[in-house]
Amino acid sequence: MKRNIFILLMLLITNEGMAQVQNRFHDSKAVDAFFHYKPGRKRPLILAHRGGPGSTDTENSITTFDKTAKALPDAIIEMDVRMTRDSGFVLLHDATLDRESNAKGPVAEQTLAELRTIKLKTLAGELTNQSIPTFTDILIWNKNRYMLALDVKPGTDPLRVMKEVEKHHAIHSVFVICYSFTEAQRVRDQYPTLWLAVGVNSMADLDKLESNPLASGHLIALTPQKLQPTTYYERLHKLGILCSVGTYGPNQLDEKSMAEAAIGYRDVFRQGGDILTTDRPQEVADLF
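All values reported here derive from a predicted model rather than from experimental measurement.

### Concerning the overall build of the chain
A count of helices and strands for the chain gives eleven helices and eleven strands. Its C-alpha atoms give the chain a radius of gyration of 20 Å, within 12% of the compact-globule value 19 Å for 288 residues. Principal axes of the C-alpha set define a box for the chain whose edges measure 60 × 60 × 45 Å. With 288 residues in all, the chain has 50% of them scored as buried.

Dropping the structure here:
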């Protein structure tokens, strides 16, 4: 009898824990706490660029997102959202299918049904049996468990993407990367509490931001890959804005061996980078 009661209690605890994980970012308090600027933070947030694929993985895929999220539950999963010919949404970084799949041509010229038949390649160019995921697939997979960064590509309306997010009650588990202050304000007007990210690429941009209504909150600054003076990050922090620094791409830290790059990642964090956007999230997280 006691054993049965113990098992029942364990099942209840497990189910409650699973429910909490599945609905982790269910309200504004959860996401606001996640992105709240904290002076003296001990470690950076890690943003997994394109989901954080290794050479044998596919980018922008549920398989890779799942792998990264299980290893790093607090990592931000970044993805690239594009619109199809029939106004659906899929994940693909490039404007064309050539590099990432077994097909060719612009994504925007394909229907959602056509894109579902296409298979993804790994970063190394090996063909897999993985299909291009739709954005809806991702929202269903996520269930508000992990924070998603939506890089809504040019030509795709972020407000239409957000309508899909709303359908799945996922507005608190995403933030939208915008390509200009104007685009960011357009999204902010419709979604006042939605977290946005926008490029602040120079001191001139920073000067403009400080007098811009966007600076009032719920904002992440995408700062240059080249480290800026400490005062640059301090000015953003005074506004309560987190600073994201990309470490991917040619001649960047992600292209160096970890032994060579480790001090560089730590320098980015010490200088003021609150979010490290990287192609190797696990290895970078391990440094902190």
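### Observations concerning the pattern of salt bridges
The final tally for this structure, using the stated rule, is 17 salt bridges. For Glu59, the salt bridge is made with Arg50, and the minimal N-O distance between the two is 3.2 Å. For Arg50, a relative accessible area of 19% corresponds to the buried category.

### Side note on the layout of surface pockets
Counted as a void, the largest pocket has a volume near 540 Å³. Asp151, Ile177, Leu222, Tyr248 and Thr277 are, among the 30 residues lining the largest pocket, the residues nearest its centre. Contributing elements (two or more residues each) for the lining of the largest pocket: β2 (76-83), β7 (174-178), β8 (195-199), β9 (219-223), β10 (242-246) and β11 (275-278). Each residue belonging to the lining of the largest pocket can be placed in one class, and the counts come to 14 nonpolar, ten polar and six charged. Of the volumes computed, that of the second largest pocket is approximately 280 Å³. Among the elements of the structure, α2 (28-35) and β1 (45-48) are those that each provide at least two residues to the lining of the second largest pocket.

### Description of the packing of aromatic side chains
Inspection of the entire model under this criterion finds eight aromatic pairs. Centroid distance Phe35 to Phe175: 5.5 Å. Interplanar angle 90 degrees. Geometry classified as edge-to-face. With Phe35 in helix α2 and Phe175 in strand β7, this pair connects stretches of sequence that are 140 residues apart. Both residues of the pair, Phe35 and Phe175, count as buried. Centre to centre, the rings of Phe269 and Phe288 are 5.4 Å apart; their planes meet at 75 degrees, and the pair counts as edge-to-face. Of this pair, Phe269 sits in helix α10 (residues 258-271) while Phe288 is found in the segment after α11 (281-286), placing the two residues 19 residues apart along the sequence. The exposure class of Phe269 is buried, given its relative accessible area of 16%. Aromatic ring contacts, followed pair by pair, group Phe25, Phe34, Phe35, Phe175 and Trp195 into a single cluster. Note that Arg145 overlies the ring of Trp141, its terminal NZ or CZ placed 5.0 Å from the centroid.

### Brief notes about unusual backbone geometry
Unlike most non-glycine residues, Ser87 shows phi in positive territory, near 70 degrees. By the element assignment, Ser87 lies in the loop between β2 and β3 (89-91). Exposure remark for Ser87: the relative accessible area of 33% places this residue in the partly exposed category. A positive phi angle, close to 65 degrees, is found at Asn251, a residue other than glycine.

### As for helix α6 (residues 158-167)
Along α6, the residues classified as buried are Pro158, Leu159, Val161, Met162, Glu164 and Val165. Considering only its buried residues, α6 is in contact with β2, β3, α5 (135-142), β6 (148-152), β7 and α7 (181-190). Between the side-chain oxygen of the N-cap and the backbone nitrogen of Leu159 there are 2.9 Å, and the N-cap of α6 in question is Asp157. At the exit of α6 stands His169, carrying a positive phi of roughly 50 degrees.

### Remarks on the UniProt feature "domain: GP-PDE" (unreviewed entry) in the chain
UniProt's entry tags residues 44-288 with the feature "domain: GP-PDE" (unreviewed entry), counted in the numbering of this structure. Secondary structure across residues 44-288 divides into 33% helix and 21% strand, with the first and last C-alpha atoms of the span separated by 8 Å.

### Describing empty space enclosed by the protein
Counted according to the given criterion, the structure contains one cavity of 30 Å³ or more. In this structure, the largest cavity spans a volume of roughly 40 Å³. Every residue along the wall of the largest cavity is listed here: Val31, Ile171, His172, Val174, Thr193, Leu194 and Trp195.

Thresholds, definitions, all that
- Residues numbered from 1 in each chain as written.
- Predicted model: local features only at pLDDT ≥ 70, side-chain atom pairs only at ≥ 80, totals over all residues.
- Heavy atoms only, no water.
- Helix = DSSP H or I, 4+ residues; strand = E, 2+ residues; numbered from the N terminus.
- Rg over C-alpha atoms; globule rule 2.2 N^0.38 Å.
- Buried < 20%, exposed > 50% of the residue type's maximum accessible area, 1.4 Å probe, protein only.
- Salt bridge = Lys/Arg side-chain N within 4 Å of Asp/Glu carboxyl O.
- 1 Å grid on protein atoms, 1.4 Å probe; cavity = no way out; pocket = protein on both sides within 12 Å on 5 of 7 lines; lining within 4 Å.
- Points joined across faces, edges and corners; volume = space filled by probe spheres on them.
- Nonpolar A, V, L, I, M, F, W, Y, C, P; charged D, E, K, R; others polar.
- Phe/Tyr/Trp six-rings, centres within 6.5 Å; stacked < 30°, edge-to-face > 60°.
- Lys NZ or Arg CZ within 6 Å of the ring centre and 35° of its normal.
- Contact = heavy atoms within 4.5 Å.
- Polar contact = N/O pair within 3.5 Å; in protein donor to acceptor, adjacent residues only side chain to side chain.
- UniProt positions renumbered as here; feature names shortened; annotations may be inferred.

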